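One letter stands for each residue in the lines below.
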Amino acid sequence: MKKKKFTVKDLAMVGVMAAIVFVGNQLQLPKIPTPLGPTRIHLGNVMCILGGLLFGAVPGGLAAGIGGAIYDLLDPFYAKEFWITFILKFGMAFVAGLIASGKKTKFKVVAAAVIGSLSYVVLYLGKTFIVEYLVMGNPWQTVAGVLITKGTTSLINALLAMVVSVILYYMIEPALKRAGLLDKKQR
């Protein structure tokens, strides 16, 4: 009998990790006002990367996307882009999970966290460029200012995710193994 690709346990872990991603988004410094609207330094991306490291590309990506999208839906400023957040956060955790798949060495875990975090920065700034320049038609000088402002915050969040997700991974992963909550393919 073939094992299902996505089990009830996987679904439960996605739900729990999505809740953790949502809470991570709540754990933030006070919003920083800018002429472009508020910007945030938060722990949401840390939890997205952690989900990819622990549970793999698809479950980690789903948890990151769902948790991030729910956060956006509950904030009127971000609600209109919840679906974009789903795609971008899914992508970040998916990349981290893909790189970390199989036997996890320290190098692989760190590389997954770094590349996953940086992939989000690239995706987010790409989305910002498309919206600001191609959709809204803003002049290049305005777009450059927006990219610098959002890029700075995104890089701070990425650095935070790179460091903290790896630390949390090595703290949590042994307990999840002992509890039988990680599939053999994720160990």
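Fair warning: this is a prediction, and the values are worked out from it, not measured in the lab. (Residues numbered from 1 in each chain as written. Predicted model: local features only at pLDDT ≥ 70, side-chain atom pairs only at ≥ 80, totals over all residues. Heavy atoms only, no water.)

**Quick notes on the packing of aromatic side chains**
Aromatic ring pairs are described here by two measures, namely the spacing of the ring centres and the angle between the planes.
Phase 1: The full count for this structure, using the stated rule, is 10 aromatic pairs.
Phase 2: Here the aromatic rings of phenylalanine 90 and phenylalanine 94 are separated by 5.6 Å at their centres, their planes lie at 20°, and the arrangement is stacked. Here phenylalanine 90 pairs with phenylalanine 94, and both are found in helix 4 (residues 82-100), just 4 residues apart, close to one helical turn.
Phase 3: When the centroid spacing of 5.2 Å and the interplanar angle of 25° are considered together, the rings of phenylalanine 129 and tyrosine 133 count as stacked. Taken as a pair, phenylalanine 129 and tyrosine 133 lie in helix 5 (residues 106-135) at a separation of 4 residues, close to a single helical turn.
Phase 4: By relative accessible area, which is 29% here, phenylalanine 129 ends up partly exposed.
Phase 5: Against the face of phenylalanine 77 rests lysine 80, its NZ or CZ located 5.4 Å from the ring centre.
Phase 6: In this structure, lysine 89 packs its charged tip against the face of tyrosine 120, placed 4.5 Å from the ring centre. (Phe/Tyr/Trp six-rings, centres within 6.5 Å; stacked < 30°, edge-to-face > 60°. Helix = DSSP H or I, 4+ residues; strand = E, 2+ residues; numbered from the N terminus. Buried < 20%, exposed > 50% of the residue type's maximum accessible area, 1.4 Å probe, protein only. Lys NZ or Arg CZ within 6 Å of the ring centre and 35° of its normal.)

**Notes on the packing of helix 2 (residues 44-55) against helix 5**
Working note: a packed helix pair is described by the angle between its axes plus the distance between those axes.
Phase 1: At a closest axis distance of 10 Å, the pairing of helix 2 and helix 5 adopts a crossing angle of 130°. In terms of orientation, helix 2 lies oblique with respect to helix 5. In this structure, helix 2 crosses over helix 5, and the sense of that crossing is right-handed. Contacts between helix 2 and helix 5 involve Asn45, Ile49 and Leu53 on the former and, on the latter, Val109, Ala112, Ala113, Gly116, Ser117 and Tyr120.
Phase 2: Among the residues forming the contact of helix 2 with helix 5, the class breakdown is 6 nonpolar, 3 polar and no charged. (Axes fitted to C-alpha atoms, helices over the stretch in contact; angles between N-to-C directions. Parallel < 35°, antiparallel > 145°, perpendicular 65-115°, else oblique. Left-handed = near helix turned anticlockwise from the far one by under 90°. Contact = heavy atoms within 4.5 Å. Nonpolar A, V, L, I, M, F, W, Y, C, P; charged D, E, K, R; others polar.)

**A look at the side chain of asparagine 45**
Phase 1: If you trace the backbone, asparagine 45 turns up in helix 2.
Phase 2: Here lysine 89 takes part through its side chain, which lies 2.3 Å from a polar atom of the side chain of asparagine 45.
Phase 3: Every residue in contact with asparagine 45, bar those within four places of it in the chain, is listed here: Lys89, Met92, Tyr120, Asn157 and Ala161. (Polar contact = N/O pair within 3.5 Å; in protein donor to acceptor, adjacent residues only side chain to side chain.)

**Remarks on the pattern of salt bridges**
Phase 1: In total, this model carries 3 salt bridges according to the counting rule given.
Phase 2: A salt bridge links glutamate 81 to lysine 127; its shortest N-O distance comes to 2.9 Å. Placement of glutamate 81 in the loop between helix 3 (57-73) and helix 4 and of lysine 127 in helix 5 is noted, with a sequence separation of 46 residues between them.
Phase 3: Under the relative-accessibility criterion, lysine 127 is labelled buried at 14%. (Salt bridge = Lys/Arg side-chain N within 4 Å of Asp/Glu carboxyl O.)

**A few points about the nonpolar core**
Phase 1: Grouped together as the largest cluster of nonpolar side chains are 31 residues, with contacts concentrated most on Ile49, Leu53 and Phe55.
Phase 2: For this core, the elements supplying multiple residues, two or more each, are helix 1 (8-26), helix 2, helix 3, helix 4, helix 5 and helix 6 (140-178).
Phase 3: Ranked by residue count, the leading element in this core is helix 2, at 8 residues.
Phase 4: Ignoring any residue separated from it by four or fewer positions in sequence, one finds leucine 53 in contact with Ala96, Ala100, Lys104, Val109, Ala112, Ala113, Ser165 and Tyr169. (Core = buried A, V, L, I, M, F, W, Y, C linked by side-chain atoms within 4.5 Å.)

**Regarding helix 3**
Phase 1: If you check helix 3, its first and last C-alpha atoms are 24 Å apart, about what 17 residues at 1.5 Å a residue would give, namely 24 Å.
Phase 2: In terms of residue burial, helix 3 counts as a mostly covered element, since 12 of its 17 residues are buried.
Phase 3: Residues of helix 3 that are buried: Ala57, Pro59, Gly60, Gly61, Ala63, Ala64, Gly65, Gly67, Gly68, Ala69, Tyr71 and Asp72.
Phase 4: Among the structural elements, helix 1, helix 2 and helix 4 are those in contact with the buried residues of helix 3. (Expected span 1.5 Å × (residues − 1).)

**Focus on helix 6**
Phase 1: The first and last C-alpha atoms of helix 6 sit 54 Å apart over 39 residues, in line with the 57 Å expected at 1.5 Å per residue.
Phase 2: Where helix 6 bends most, the angle comes to about 30°, and this point is isoleucine 172, followed within four residues by the proline proline 174. (Bend = angle between axes of the 7 residues up to and from the residue.)

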